[in-house]
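Observations on the three-dimensional arrangement
Below, each chain spelled out in residue letters.
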Amino acid sequence: MSALKQKLAKKIEEHRVRTTKLLKEHADVKIGDVTIGQAIGGARGVRMLVTDISYLDPMEGIRFRGMTIPEVMKALPKPDGKDYPYVEGFWYLLLTGDIPTKAEAKELVEEFKERRAVPQYVIDLLRAMPRDSHPMTMFSAAVLAMQRESKFAKFYADGFNKMTAWEPMYEDATDLIAKLPSIAAYIYRMKYKGDIHIPSDKNLDMGGDFANMMGIAEPYDDVARMYFIIHSDHESGNVSAHTTHLVASALSDAYYSLSAGLNGLAGPLHGLANQEVLRWLQDVMDKLDGKEPTEEMMKKFVWDTLNSGQVIPGYGHAVLRKTDPRYQSQRDFCLKHLPNDEIFKYVDMLYKVVPDILREHGKAKNPWPNVDAQSGVIQWFYGLREYDFYTVLFGVGRAIGVLANITWDRALGYPIERPKSLTTAMLEDAASKA
Ligand code: CMX
């Protein structure tokens, strides 16, 4: 170890004791409007963000523009013969709060088609990256590379006007959402399907064209529509939404902002958890060497994971205190389309055993499954077994929510975000006075 690293290790060891003491003994001490616990603990529960696009009730789960997931799925117009709505119509709902007519949704479908083409230099960039780069790295890099297309950046360079700044933001946001499925499918087929690509089909809506470019048959088009909608937004405080909002608050354009948000989504405590669930299950199955796990065996694997200091992926949440309705809607889909699937049965078995174990373990405030616990199952069933790719699917959906949010941020002229930091000594001082 270098001298610097040795010194740092010593300083970290000394400092950890101070942080632990502050959290253990003085978490409730107020420092201004928040407590020491909130300042150190990731601003949990601090009411400091505003959005009208979605609201997350801890007990009820997400509402998009005031509507639950089943209400949204019922109210929005659908392509003929399909069970799930046009994603383009959902974008209309998130932006305006209104349900589009079928004609309005179809008009948007046509507009998205015009914006679909991905610049060749993005393809070149993806091809130049090492093939074993994580798909999220490729996805975020592709978004960032397209920043030169930004209409907002040009608008800013040509003379910024606060009142009309939302318009180029809207244009960038729409361009991005229209292109993301093609970029995602390109990464997938380049990495996992022999680099053989399927062109976009101008007759199809966003969900249908994504399934087409991925090379997965119906009803995967409906799976895509459902996925993109349920993963879109979860109010503003989660890492991907908050990062996108934070970066945009510096008047950065949608490309810079979304790329940053996607990097946050790629963290294992956030969107990457969907791949981790499948990785964890595969590990269990490998250890069983083809045998079907019993509930007792599953309990042991869960305890082994916890005892080795790891989290159970797909369980727990910073805000939710019940089963995530996004989990529930995917479970309903599984019950209808793949009730006898082996992986579904294991995930369902986890639903029976994990909450009680997490309660007994005594740490997680929410022992219930979140969106990521179920999402890999459906993908696996339809042949998308490269679970490294799952977070990209989350990313295409999440883009819809965060881009609607930053369009409104610009419209309302929200300022640059800049919370205040204190030193540990200042916290100790406040604790000693309290
Ligand atoms: N397994 C084991 N321990 C867990 C746990 C889980 N699933 N969920 C929470 N805990 C632990 C935390 O690690 C924390 O432990 P420490 O005190 O040792 O740090 C303690 O319980 C308290 O955490 P919490 O207040 O209940 O939860 P947080 O708000 O801090 O974290 C989350 C929320 C999602 C990061 C956490 O529940 C977790 O790590 N879950 C597993 C990863 C996951 O599924 N993430 C996806 C979330 C949805 C999404 O964003 O995509």
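Residues numbered from 1 in each chain as written. Predicted model: local features only at pLDDT ≥ 70, side-chain atom pairs only at ≥ 80, totals over all residues. Heavy atoms only, no water.

This part is about the site of the ligand. In the vicinity of the ligand lie 21 residues, with His 270, Gly 314, Tyr 315, Lys 365 and Asp 372 positioned nearest. One of the backbone nitrogen or oxygen atoms of Lys 365 is found 2.7 Å away from an oxygen atom of the ligand. Contact between the ligand and Asn 370: an oxygen atom at 3.0 Å from a side-chain N or O atom of the residue. Relative to its unbound accessible surface of 890 Å², the ligand loses 76% to contact with the protein. In the shell around the ligand, the residues fall into 11 nonpolar, six polar and four charged. (Near = heavy atom within 4 Å. Polar contact = N/O pair within 3.5 Å; in protein donor to acceptor, adjacent residues only side chain to side chain. Areas by Shrake-Rupley, 256 points an atom, 1.4 Å probe, with all protein chains shown as cover. Nonpolar A, V, L, I, M, F, W, Y, C, P; charged D, E, K, R; others polar.)

This brings us to the packing of aromatic side chains. Summed over the entire model, instances satisfying the criterion amount to 14 aromatic pairs. Ring centres of Tyr 188 and Phe 389 lie 5.0 Å apart, and the angle between their planes is 55°; this geometry places the pair in the tilted category. You can see Tyr 188 sitting in helix α9 (residues 166–192) and its partner Phe 389 sitting in the loop between α18 (372–381) and α19 (390–411), a full 201 residues away along the chain. Among the aromatic residues, ring-to-ring pairing joins Tyr 84, Phe 210, Tyr 220, Phe 228, Phe 333, Phe 381 and Tyr 382 into one connected group. (Phe/Tyr/Trp six-rings, centres within 6.5 Å; stacked < 30°, edge-to-face > 60°. Helix = DSSP H or I, 4+ residues; strand = E, 2+ residues; numbered from the N terminus.)

This part is about the pattern of salt bridges. Counted according to the given criterion, the structure contains 33 salt bridges. The partner of Arg 63 in a salt bridge is Glu 60, with the nearest N and O atoms 2.7 Å apart. Salt-bridge contacts for Lys 151 lead to Asp 175; the nearest nitrogen and oxygen are separated by 2.8 Å. Of the two residues, Lys 151 sits in helix α8 (residues 151–157) while Asp 175 sits in helix α9, which places them 24 residues apart along the sequence. On the basis of relative accessible area, Lys 151 is assigned to the partly exposed category, the value being 38%. (Salt bridge = Lys/Arg side-chain N within 4 Å of Asp/Glu carboxyl O. Buried < 20%, exposed > 50% of the residue type's maximum accessible area, 1.4 Å probe, protein only.)

Another aspect to go through is the nonpolar core. Trp 91, Leu 126, Phe 139 and Leu 403 are the most contacted members of the largest nonpolar core, which totals 114 residues. Considering each element in turn, this core owes the most residues, 13 residues, to α9. Inspection of this core shows a minimum of three residues originating in each of domain 1 (67–269 + 406–411) and domain 2 (273–381). For Leu 126, the residues in contact, after removing those within four places along its chain, are Met 138, Ala 142, Ile 183, Tyr 186, Ile 187 and Met 190. Among the nonpolar cores identified, the runner-up in size contains six residues, and Leu 22, Val 29, Ile 36 and Leu 427 belong to it. (Core = buried A, V, L, I, M, F, W, Y, C linked by side-chain atoms within 4.5 Å. Domains from an automatic or database assignment. Contact = heavy atoms within 4.5 Å.)

Distances and angles like these do not, on their own, reveal function.
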